[in-house]
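Residue strings, one per chain:
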Amino acid sequence: MPAGSQCDRARPPLAVHRPICPDRRRSPSNSCRTKIPVMSSTAPEASEEDQDDGLSLTTSGIRRSVAAAAMGNAMEWFDFGVYGYLATTIGELFFQGQGGGSLVKSFGVFAISFLARPLGGIFFGPLGDKVGRSKVLVITILMMAAGTTAVGVLPTYDTIGIWAPILLIVTRLIQGFSTGGEYGGAATFIVESSPDDTRGFLSSFLEFGTLGGYTLGAGLVTLMTVLLSDQAMHSWGWRVPFLCAAPLGLFGLYLRLKLEDSAAFTSASEKGETSRSPLREIITEHWGRMLKCIGLVVLLNVAYYTVLTYLPSYFEKNLNFSSTQSLEMLIGVYIAMMIVIPFIGRLSDNVGRKPVFMASSIGFLLLAYPAFWLFQQHSLGYTIIGLAILAFLVVLLSGTIPSMLPAIFPTRIRYGGFAISYNISTSAIGGTAPFVITALISATGNLFMPAFYLMLAAAVALPTLFTVRETAGKPLAGSSGLRSSQPRKPKRRTN
């Protein structure tokens, strides 16, 4: 095509490829008909010189993107954490049962909320691929805050009888539906707003927000438990953590309203390379990528919901720790994980995502059972060692997954592809983990069931890992290279 043609004037040059008109689309002048090959994960990687010409990201824009995405994720996991820490109390107040029966029902409601997550992923994911990531993330954080806050004002079984658990289920379904679009959107937004060479480090702050939400929830529940009597806690104290979701949600909304859309999506949208029917395209053309994502997410979710949500109740019901003791131990572990996780993200930038993920998978296969054996010794020291083992294996996953999984999908369907895959796996395996483990222990009396569940998840994820390619330091599939606007140091020349 001659230089200065009408096509060249209609749109800016692509950041990585030569100026060329998109396939089956027209420029504003309607004069371009030249086809462009579809960019995919199997396409040759851009050379270093090409990446230098990629999209430039400002430092302030990167920081805003990371903070806003991490805040929403903290909101999501604050809710899950508070519910998990108060599961025993909620079971007694809403199901009028005692002991394991009420706890199983309480975790059953927790699991029911995950039935709505795939629906949320199907709705919000493709919508984000059409209208933009930032618009959808504003909606999801509003719905999450509303669903969590509503739990704090629900009447209990003593007040309205059977309607109490019914309304509890409704609020959890609302929360689950919104969460179905939250994590996938937040992870997609961060990876599409991060330079290629630091994507692992920056994306790890998404899980930093997860752990921050858990830590805040655990700390708040512990504080209420220490300051209030058991009677006051059962009367009104349990409501306070849920009501705190309202101001947290408003702060997250403030951050997200100030966001522009991600650099990768904005570039694709300006060039007319977004999908017109993302859901249909995901199902018909990218089901193989979805299966890979589902297989990897199995381990992440089982590990997260077993270690971070279920263990407080496990320690209290089966190991005779007080609720305060178990929460104090876990708060310490969460804080340690928050300190370590950015270093794991940086490590994944340097050595690759796959080696770090593999280390975690093998670790769960070999060390999950010994960790729970340490718990059975009923010693505070042994319990802390077991917790440290599990926490380190979890942080290897959480520091790597946010940058690894969204990169499986091309930009045009990344939000939808990742959100749907992630939530199918989470709904079927992850969110049900506390309920399944509690039921298995009740049926068999075997306190090693959580270890077996973790080992099974690792056995599924490890072979799946060999089917995905390494993405560390490389441009996202279907996107130009992303780099920081800060000037690079000149390279040394070797003679």
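Note that this is a predicted model, so its numbers are computed, not measured. (Residues numbered from 1 in each chain as written. Predicted model: local features only at pLDDT ≥ 70, side-chain atom pairs only at ≥ 80, totals over all residues. Heavy atoms only, no water.)

Participant: What is the right way to look at helix H16 (residues 287–318) in this model?
Facilitator: Owing to its 3.6 residues per turn, the α-helix aligns residues three or four sequence positions apart on the same side. In H16, a bend of some 55° at Tyr-310 exceeds every other bend along the element, and Pro-312, a proline, comes one to four places later. Taken across its 32 residues, H16 has 24 buried, putting it largely inside the fold. One or two residues past the end of H16 sits Asn-320, with phi positive at roughly 65°. (Bend = angle between axes of the 7 residues up to and from the residue. Helix = DSSP H or I, 4+ residues; strand = E, 2+ residues; numbered from the N terminus. Buried < 20%, exposed > 50% of the residue type's maximum accessible area, 1.4 Å probe, protein only.)

Participant: Explain the pattern of salt bridges here, please?
Facilitator: A side chain with one charge can pair with a side chain of the opposite charge if their charged atoms come near. If you walk through the whole model with that rule in mind, you get 9 salt bridges. The partner of Arg-133 in a salt bridge is Asp-129, with the nearest N and O atoms 2.8 Å apart. Relative accessible area serves as the criterion here: at 0%, Asp-129 is assigned to the buried category. Here Glu-192 and Arg-133 are joined by a salt bridge, their closest N and O atoms 2.8 Å apart. Taken as a pair, Glu-192 in the loop between helix H9 (163–191) and helix H10 (199–227) and Arg-133 in helix H7 (residues 133–151) lie far apart in primary sequence, 59 residues in all. Each member of the pair, Glu-192 together with Arg-133, is buried. Each of Asp-129, Arg-133, Glu-192 and Arg-414 takes part in a single network of salt bridges with overlapping partners. (Salt bridge = Lys/Arg side-chain N within 4 Å of Asp/Glu carboxyl O.)

Participant: What is the right way to look at the side chain of Thr-179 in this model?
Facilitator: Its place among the elements puts Thr-179 in helix H9. Classification of Thr-179 as buried rests on a relative accessible area of 0%. Within polar-contact distance, the side chain of Thr-179 engages the backbone oxygen of Gln-175 at 2.7 Å. Not counting residues within four places of it along the chain, the set of residues in contact with Thr-179 comprises Glu-76, Phe-80, Arg-117, Met-144 and Asn-423. (Polar contact = N/O pair within 3.5 Å; in protein donor to acceptor, adjacent residues only side chain to side chain. Contact = heavy atoms within 4.5 Å.)

Participant: Where do I start with the packing of H16 against helix H19 (residues 380–398) in this structure?
Facilitator: Geometry of a packed helix pair, given as the angle between the helix axes and the separation of the axes. Viewed as axis vectors pointing N to C, H16 and H19 meet at an angle of 155°, and their least axial separation amounts to 9 Å. In terms of axis orientation, H16 runs roughly antiparallel to H19. The interaxial crossing formed by H16 with H19 has left-handed handedness. Counted together, Leu-299, Leu-300, Ala-303, Tyr-304, Val-307, Leu-311 and Phe-315 of H16 and Thr-383, Leu-387, Leu-390, Val-394, Leu-397 and Ser-398 of H19 form the full contact between these two elements. (Axes fitted to C-alpha atoms, helices over the stretch in contact; angles between N-to-C directions. Parallel < 35°, antiparallel > 145°, perpendicular 65-115°, else oblique. Left-handed = near helix turned anticlockwise from the far one by under 90°.)

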